[in-house]
Amino acid sequence: MTDELTPETPDEDEQPIKQRKNGLYPGVSDELAENMKSGWADTELRDLQPIEQAPNAARRRAALSARFPGERLVIPAGNLKTRSNDTEYSFRASTEYVYLTGDQTDDSVLVLEPTKDGHEATLYRLPRSERENGEFWLNGMGELWVGRRHSLTESAALLGVACKDVRELADALKEATGPVRVVRGHDAGIEAALADKVTAERDEELRVHLSEARVIKDEFEIGQLQKAVDSTVRGFEDVVKVLDKAEATSERYIEGTFFLRARVEGNDVGYGSICAAGPHATTLHWVRNDGPVRSGDLLLLDAGVETDTLYTADVTRTLPINGRFSDLQRKIYDAVFEAQEAGMAAVKPGAAYRDFHDAAQRVLAEKLVEWGLVEGPVERVLELGLQRRWTLHGTGHMLGLDVHDCAAARTETYVNGTLEPGMVLTVEPGLYFQADDLTVPEEYRGIGVRIEDDILVTEDGNRNLSAALPRRSDEVEAWMAGLKK
């Protein structure tokens, strides 16, 4: 990292450019400042074509307009977040903003202004770095520091929406009249400008609506989810090929290997990768990934590639690190596989959303009774939820732009709703025997198994988007052996 510069005396009408306290240059001479203003080629991009998702985003905005006629709607992308001192985390735009625009630019805001015929959409964004005031080379967010931004004209061509300077938006919103709603939690400055115009209840209605709008995926979204899954499959293959190196180091080697695939073929991982070896597999969200990888143990790998358009996969496989399940590992694994099969069979249009969870839990409860780990009958176990000591979590969730997509949707349209074609969800039963669980035989302790696939509800049933990854225990062993040749 290098130090920004600062002009000695910025004009009164210009925002001062912040200087690091211990920067090596105390200022900028008038001669250098003048020199930096000129001698630059015209780099405006012309004849740009709209991005692929532009027409889909336009349809979504039209549907949103119809739902809230006569109201001003404000959807921010969000701001950079400080990681440490003067460095920031990589930016990830808000899901609502991406869904309605296809854009991912920090500090941007979509505003739908009500008209007599619906709404007029405007994207407020930062324009290109200015040459006149030196911002392009003196400001830490300037073009020479973090890269070129699109001009407002370029952005309008790419996104199919009129674009204006976001630095004018807060003042404009303060003067706005009439009903307003904003998606909260992403841009404190925009929320402050609207503080006396919005209510928490009305804003929550907007957030809930945008969450429910994503329940049914369109063809573009399904294609992106399949792309994410396909890259994820290759990431799992990458991991199997380097398990010997992970044994020589730690779970971090697995995490880094999968991350490389995610960055090469997509934007990032869709969530913190769970690379849980041995007893760590019994911790549901083990993301420290700092433990040993030992032959004879199981590796629970729960990971997903996020595409450049921010749709994520979410897949889990539990793999024998040495390539072969022990008898007990296989017994537990096969029970989870049987539960997943039952859950996946229940995914079809017209079924209750809860059906796949109930079907999987029943199988696991039956196994636990059969193994003598809990007293039956099975109906009693399910009624009291006794199986949850070892199954712990729900059997799946919606998937899309968020790994736990549509999370703000009303209960009656989500977990108490009905499956419809175009929904994408995970089916992921598991059994987890904690290392300190004295209620199970010692040989069970420290074994955790989860199998997770991404399932599209179709007109006549379902399609497993992640079917390219083997699931049956014997197929897993054969697949691993083939990759290690």
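Residues numbered from 1 in each chain as written. Predicted model: local features only at pLDDT ≥ 70, side-chain atom pairs only at ≥ 80, totals over all residues. Heavy atoms only, no water.

## Overview of the overall build of the protein chain
The line we're drawing: Only DSSP runs of H or I reaching four residues or more are called helices, and only runs of E reaching two or more are called strands; each is numbered from the N terminus. Exposure is judged per residue with a 1.4 Å probe applied to protein chains only, and the accessible area is read against the type maximum: over 50% gives exposed, under 20% gives buried, and values in between give partly exposed. Should any heavy atoms of two residues lie within 4.5 Å, those residues are counted as being in contact. The charged-residue count follows a simple rule in which Lys and Arg add positive charge and Asp and Glu add negative charge, with His and chain termini not counted at all. Charge coordinates come from a single atom per side chain, which is NZ of Lys, CZ of Arg, CG of Asp or CD of Glu.
The helix and strand tally for the protein chain stands at 17 helices and 17 strands. Each of the three principal axes of the protein chain carries a C-alpha extent, and together these read 80 × 55 × 40 Å. By residue count, 50% of the 485 residues in the protein chain fall in the buried class. Restricting to contacts in the protein chain with at least 6 residues of sequence separation, those with at least 24 account for 67%. Charged side chains of the protein chain number 57 positive and 87 negative; the gap between the two group centres comes to 3 Å.

## As for the packing of helix H10 (residues 219–241) against helix H17 (residues 473–483)
This is how the line gets drawn: Fitting a line to C-alpha atoms yields each axis, with helices limited to the stretch in contact; the angle taken between N-to-C directions then spans 0 to 180 degrees. We call two directions roughly parallel when the angle between them is under 35 degrees, roughly antiparallel when it is over 145, roughly perpendicular when it lies between 65 and 115, and oblique otherwise. By convention the crossing between two helices is left-handed if the near helix lies anticlockwise of the far one by an angle smaller than a right angle, and right-handed if it lies clockwise. Residue polarity is assigned by list, with Asp, Glu, Lys and Arg as charged and Ala, Val, Leu, Ile, Met, Phe, Trp, Tyr, Cys and Pro as nonpolar; anything else, Gly included, falls into the polar class.
Axis separation between H10 and H17 bottoms out at 9 Å; the angle between their running directions is 70 degrees. Classed by the angle they form, the pair H10 and H17 counts as roughly perpendicular. Once H10 is placed against H17, the crossing between them reads as right-handed. Along its contact with H10, which presents Phe236, Glu237, Val240 and Lys241, the element H17 presents Trp479, Met480 and Leu483. Taken together, the residues of the contact of H10 with H17 sort by class into five nonpolar, no polar and two charged.

## So, the pairing of strand E4 (residues 109–115)
Keep this limit in mind: Should DSSP find at least two bridges between two strands, the strands are regarded as paired.
Pairing of strand E1 (residues 72–76) with E4 involves four bridges; the strand directions are antiparallel. What sits directly across from Leu73, in E4, is Leu112. In this antiparallel pair of consecutive strands, E4 and strand E5 (residues 118–125), the connection spans two residues.

## Comments concerning the sheet that holds strand E10 (residues 298–303)
Spatially, the three strands line up as an open sheet ordered E9-E10-E12, and their pairing is antiparallel. Looking at the sheet topology across the chains shown, the edges are occupied by strand E9 (274–277) and strand E12 (315–320). Adjacent strand axes in the sheet meet at a mean angle of 10 degrees, parallel and antiparallel pairs treated alike. Relative to E10, E9 is paired through four bridges, and the arrangement is antiparallel. Bridged to Ala276 within E10 is Leu300. The strands touched by helix H12 (residues 251–265) within the sheet are E9 and E10, with E9 carrying the most contacts at an inclination of about 150 degrees.

## Remarks on the nonpolar core
The cut-off we apply is this: Each nonpolar core is a collection of buried residues, namely Ala, Val, Leu, Ile, Met, Phe, Trp, Tyr and Cys, held together in the definition by side-chain atoms within 4.5 Å.
Formed by 87 residues in total, the largest nonpolar core has its most connected members in Leu64, Ile254, Ile332, Trp371, Leu431 and Phe433. A total of nine residues in this core trace back to one element, the largest contributor, which is H10. Among residues more than four places away in sequence, those in contact with Leu64 are Leu73, Ile75, Leu100, Leu112, Leu206, His209 and Leu210. Grouped together as the second largest cluster of nonpolar side chains are 17 residues, Val215, Met344, Leu419 and Ile455 included.

## A few points about the sheet that holds strand E16 (residues 453–458)
The strand order across the open sheet formed by three strands is E13-E16-E17, and the pairing between neighbours is antiparallel. At either end of the open sheet lies a strand with only one pairing partner, and these are strand E13 (424–427) and strand E17 (461–464). Averaged over all neighbouring strand pairs, the angle between strand axes comes to 40 degrees, with direction disregarded. Both E13 and E16 contribute to a ladder of four bridges, which runs antiparallel. Pairing of Val427 across the sheet is with Asp453, part of E16.

## Quick notes on the pattern of salt bridges
The condition is simple: Salt bridge, as used here: a side-chain nitrogen of Lys or Arg that lies within 4 Å of a carboxyl oxygen of Asp or Glu.
If you walk through the whole model with that rule in mind, you get 40 salt bridges. Where Glu212 meets Arg410, a salt bridge forms, and the shortest distance between an N and an O atom there is 2.7 Å. Residue Glu212 is located in helix H9 (residues 200–213), and its partner Arg410 is located in the loop between helix H16 (388–391) and E13; the two are separated by 198 residues in the primary sequence. What makes Arg410 partly exposed here is its relative accessible area of 41%. The residue Glu412 makes a salt bridge to Arg410 at a minimum N-O spacing of 4.0 Å. According to the relative accessible area criterion, Glu412 is partly exposed, its value standing at 49%.

## Some details on the UniProt feature "domain: Aminopeptidase P N-terminal" (unreviewed entry) in the protein chain
To keep it simple, the criterion reads: UniProt positions are given in the numbering used here, feature names are shortened, and annotations may be inferred rather than shown by experiment.
The UniProt feature table records "domain: Aminopeptidase P N-terminal" (unreviewed entry) at residues 51–191. Here residues 51–191 is 33% helix and 23% strand, with 29 Å between the C-alpha atoms at its ends.

## Some words on the environment of Val457
Here Val457 shows up in strand E16. Accessibility expressed as a relative area gives 2% for Val457, which makes it buried. The spatial distance from the C-alpha of Val457 to the C-alpha of Asp314 is 16 Å, given a sequence separation of 143 residues.

## Observations regarding the side chain of Thr395
Considering the arrangement of structural elements, one finds Thr395 in the loop between H16 and E13. Ignoring any residue separated from it by four or fewer positions in sequence, one finds Thr395 in contact with Phe356, His357, Ala360, Gln361, Thr426, Val427, Glu428 and Pro429.

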